[in-house]
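Breakdown of the fold
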Amino acid sequence: MSDAELVLRSTRVITPEGMRAASVAVADGTITAVLPYDADVPPGARLEDFGDDVLLPGLVDTHVHVNDPGRTEWEGFRTATRAAAAGGITTLVDMPLNSLPPTTTVAHLRTKQEVAAAQAHIDVGFWGGALPDNVKDLRPLHDAGVFGFKAFLSPSGVDEFPHLDQDGLARAMAEIAGFDGLLIVHAEDPQRLAAAPQRGGPDYADFLASRPRDAEDTAVAGLVALAGRLGARVHVLHLSSGDALPLIARARAEGVRLTVETCPHYLTLTAEEVPDGASEFKCCPPIREAANQDVLWQALADGTIDCVVTDHSPSTADLKTDDFATAWGGISGLQLSLAAVWTEARGRGHGLEDVVRWMSTRTAELVGLGAHKGAVAVGRDADFAVLAPDETFTVDPAALQHRNRVTAYAGRTLTGVVKSTWLRGERIMADGEFTAPRGRLLTRTP
């Protein structure tokens, strides 16, 4: 490591081969060597010794609603990326809706990029959107570097991003399959939702009944059948129904090009604990029962579910009314996702290596960034989080970095404190203090 400018040392480094004591050499923002713990530090290189704190690759969150521009009062690139950095996330991919304009044309993508460029504390990429009327825009967006295309099968909640019916889904999927792009889908069947009981008010059980598991199961079944016929790459977003997992496992065994994510709130929160009127817990699909949560954890363990992402979807506090039918649905999780997942994972016998695989390695691979992100390995970007894995903290909304400090985790005691976050060998957050924005805008590479 004679060319190293920086050496990061810890008795616990998460590498692709497992956790071990190591010294990680960095030059020009890239990892150049992963060496034994007591390797000599070359002359002129700076040593950062983290003792027994864990050095792990920066997390890659591929499901984030930044809402900027247009609904910046809901979030924004400055606040979202600060919250991400505070939580050990060094890369995010922004969803195409809830901003105005949505990312559904190349011109709209350029608008998003211009807004994000000077504000991003971490690296930021972009998804495109697949709408009923923009099939002609999909290939240009792909060529412009979006990482794939999001579609809804049921209403999205915002008028400017309408959902696809079955014919529209088939047209979009065929177009995207033609250039081997990735289609990511909010999979809830609108007919099943319409048939479910729709009662407003503060009772969470009523809201849960309005978004039944079979709405997810039916939508996933349709996706699997269509993807199999077209040979398309399809990713199921924020899976909450454990009942869909056997179908997913069979489809993958039969060669369907299908990947699946779930979210921290489905893995750590349960329907039984949601208080009446507490719409900070509202999201779609909904947080389900504890027994269903156990099934999701088993699917993570056996690989049926590939990865864990936040689906960070904030709003202003006034939209979180005590009526579950009308309150905005979305959970803000960027800053707390690592601690929330680690708290539950360790209690279920999983190690930090598993958490890194779900929240960094596989998410990087999903969007084609696996050569640069997602592992402490030679040639990867020197993106790191330093975690005190046994320290606990109680979630105080006032300490959160996202713009609107509404959280379903308020008052919960979580394990795992992010001490510092590093982007390409530069410390961008330490003990709650941030540098000026240093993030880059990322595009899909062939």
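Residues numbered from 1 in each chain as written. Predicted model: local features only at pLDDT ≥ 70, side-chain atom pairs only at ≥ 80, totals over all residues. Heavy atoms only, no water.

Focus: the overall build of the protein chain
- Scanning the protein chain from N- to C-terminus turns up 12 helices and 18 strands.
- For a compact globule of 446 residues, the expected C-alpha radius of gyration is about 22 Å, and the protein chain comes in at 21 Å, within 12% of that figure.
- Taken along its principal axes, the extent of the C-alpha atoms in the protein chain is 70 × 45 × 45 Å.
- The buried share among the 446 residues of the protein chain stands at 60%.
- Intrachain contacts of the protein chain at a sequence separation of at least 6 include 74% that bridge at least 24 residues.
- With the model as given, the accessible surface of the protein chain reaches about 15,600 Å², and the carbon-plus-sulfur share is 49%.
- Looking at charge distribution, the protein chain has the averaged site of its 40 positive side-chain charges lying 3 Å from that of its 60 negative ones. (Helix = DSSP H or I, 4+ residues; strand = E, 2+ residues; numbered from the N terminus. Rg over C-alpha atoms; globule rule 2.2 N^0.38 Å. Buried < 20%, exposed > 50% of the residue type's maximum accessible area, 1.4 Å probe, protein only. Contact = heavy atoms within 4.5 Å. Areas by Shrake-Rupley, 256 points an atom, 1.4 Å probe, with all protein chains shown as cover. Lys, Arg positive; Asp, Glu negative; His and termini not counted. Charge placed at Lys NZ, Arg CZ, Asp CG, Glu CD.)

A short note on the nonpolar core
- One finds F149, M173 and L223 to be the most contacted residues of the largest nonpolar core, which totals 101 residues.
- By size, the runner-up hydrophobic cluster in this structure holds 20 residues, among which are V93, F147, F161 and L369. (Core = buried A, V, L, I, M, F, W, Y, C linked by side-chain atoms within 4.5 Å.)

Structural notes on helix 4 (residues 166–178)
- Its 13 residues give helix 4 an end-to-end C-alpha distance of 18 Å, which sits within 8% of 18 Å, the value for a rise of 1.5 Å per residue.
- Check the buried side of helix 4 and you find it contacts helix 3 (135–144), strand 10 (149–152), strand 11 (182–186), helix 7 (213–230) and strand 12 (233–236).
- One side-chain oxygen at the N-terminal end of helix 4 lies 3.2 Å from the backbone nitrogen of D167; it belongs to D165.
- Of the residues flanking the end of helix 4, it is D180, one or two places downstream, whose phi is positive at about 55°. (Expected span 1.5 Å × (residues − 1). Polar contact = N/O pair within 3.5 Å; in protein donor to acceptor, adjacent residues only side chain to side chain.)

Considerations on the pairing of strand 16 (residues 413–423)
- Judged by how many residues are buried, strand 16 sits mostly within the fold: eight of 11 residues are covered.
- Two elements, strand 15 (residues 384–394) and strand 16, share eight bridges in a ladder whose sense is antiparallel. Bridged to L387 within strand 16 is V418.
- When strand 16 meets strand 17 (residues 426–430), the two strands line up antiparallel, connected through four bridges. Bridged to S420 within strand 17 is A430.
- Here strand 16 folds back onto strand 17 in antiparallel fashion, the turn holding two residues, of which R424 has a positive phi close to 50°. (Pairing = 2+ DSSP bridges.)

Looking at the packing of aromatic side chains
- Inspection of every chain in the model, using the stated rule, returns nine aromatic pairs.
- Between F152 and F161 the ring centres are 5.9 Å apart and the planes differ by 75°, which places this aromatic pair in the edge-to-face class. Across the pair, exposure class does not vary: F152 and F161 are buried alike.
- Aromatic pair Y204 and F324: ring centres 5.3 Å apart, planes at 75°, arrangement edge-to-face. Here Y204, found in helix 6 (residues 204–210), pairs with F324, found in the loop between strand 14 (307–308) and helix 11 (337–347); they are 120 residues apart in sequence, far enough to count as distant. (Phe/Tyr/Trp six-rings, centres within 6.5 Å; stacked < 30°, edge-to-face > 60°.)

Some thoughts on the sheet that holds strand 12
- If you trace the six strands from one edge of the open sheet to the other, you get 9-10-11-12-13-14, paired in parallel fashion. Strand pairing shows two members of the sheet lacking a second neighbour, strand 9 (128–129) and strand 14, which therefore form its edges.
- As paired elements, strand 13 (residues 257–262) and strand 14 share two bridges and run parallel to each other. Of the residues in strand 14, the one forming a bridge with E261 is C307.
- Sheet contacts for helix 4: strand 10, strand 11 and strand 12; angle to strand 11, the most-contacted strand, approximately 150°.
- Along the sheet, helix 7 contacts strand 11, strand 12 and strand 13; its crossing angle with strand 12, the most-contacted strand, is approximately 170°. (Axes fitted to C-alpha atoms, helices over the stretch in contact; angles between N-to-C directions.)

Focus: the pairing of strand 10
- Neither face of strand 10 is open: one carries F149 and A151, the other K150 and F152, and all of them are buried.
- Pairing of strand 9 with strand 10, which is carried by two bridges, proceeds in the parallel orientation. Counted as the bridge partner of G129 is K150 from strand 10.
- With respect to chirality, the unit in which strand 9 leads through helix 3 into the neighbouring parallel strand 10 is right-handed. (Right-handed = clockwise from strand over helix to strand, strands pointing away.)

Digging into helix 2 (residues 106–117)
- Helix length check: helix 2 (12 residues) gives 16 Å between terminal C-alpha atoms against 16 Å at 1.5 Å per residue, within 8%.
- Those residues of helix 2 that fall on the buried side of the exposure criterion are L109, K112, Q113 and A116. Take helix 2 and look down its axis: the buried residues cluster within an arc of 100°, on one side only. Opposite its buried face, helix 2 presents the exposed residues A107 and E114, each directed more than 90 degrees away.
- Each element contacted by the buried residues of helix 2 is listed here: helix 1 (77–86), strand 7 (89–94), strand 8 (123–126) and helix 3. (Arc of directions from axis to C-beta.)

Quick word on the pattern of salt bridges
- On inspection of all chains with the given rule, the structure shows 26 salt bridges.
- Here D123 ties to R424 by a salt bridge, and the two come within 2.5 Å at their closest N and O atoms. Linking D123 in strand 8 with R424 in the loop between strand 16 and strand 17, this pair joins segments that are 301 residues apart in sequence. Each member of the pair, D123 as well as R424, carries the same accessibility label: buried.
- A salt bridge links E216 to R288; the nearest nitrogen and oxygen atoms lie 2.9 Å apart. With E216 in helix 7 and R288 in the loop between helix 9 (264–268) and helix 10 (290–302), this residue pair connects regions lying 72 residues apart in the sequence. Across this residue pair, the class does not change: E216 and R288 are buried.
- Through salt bridges with shared partners, one network takes in D123, K373, D381, D383 and R424. (Salt bridge = Lys/Arg side-chain N within 4 Å of Asp/Glu carboxyl O.)

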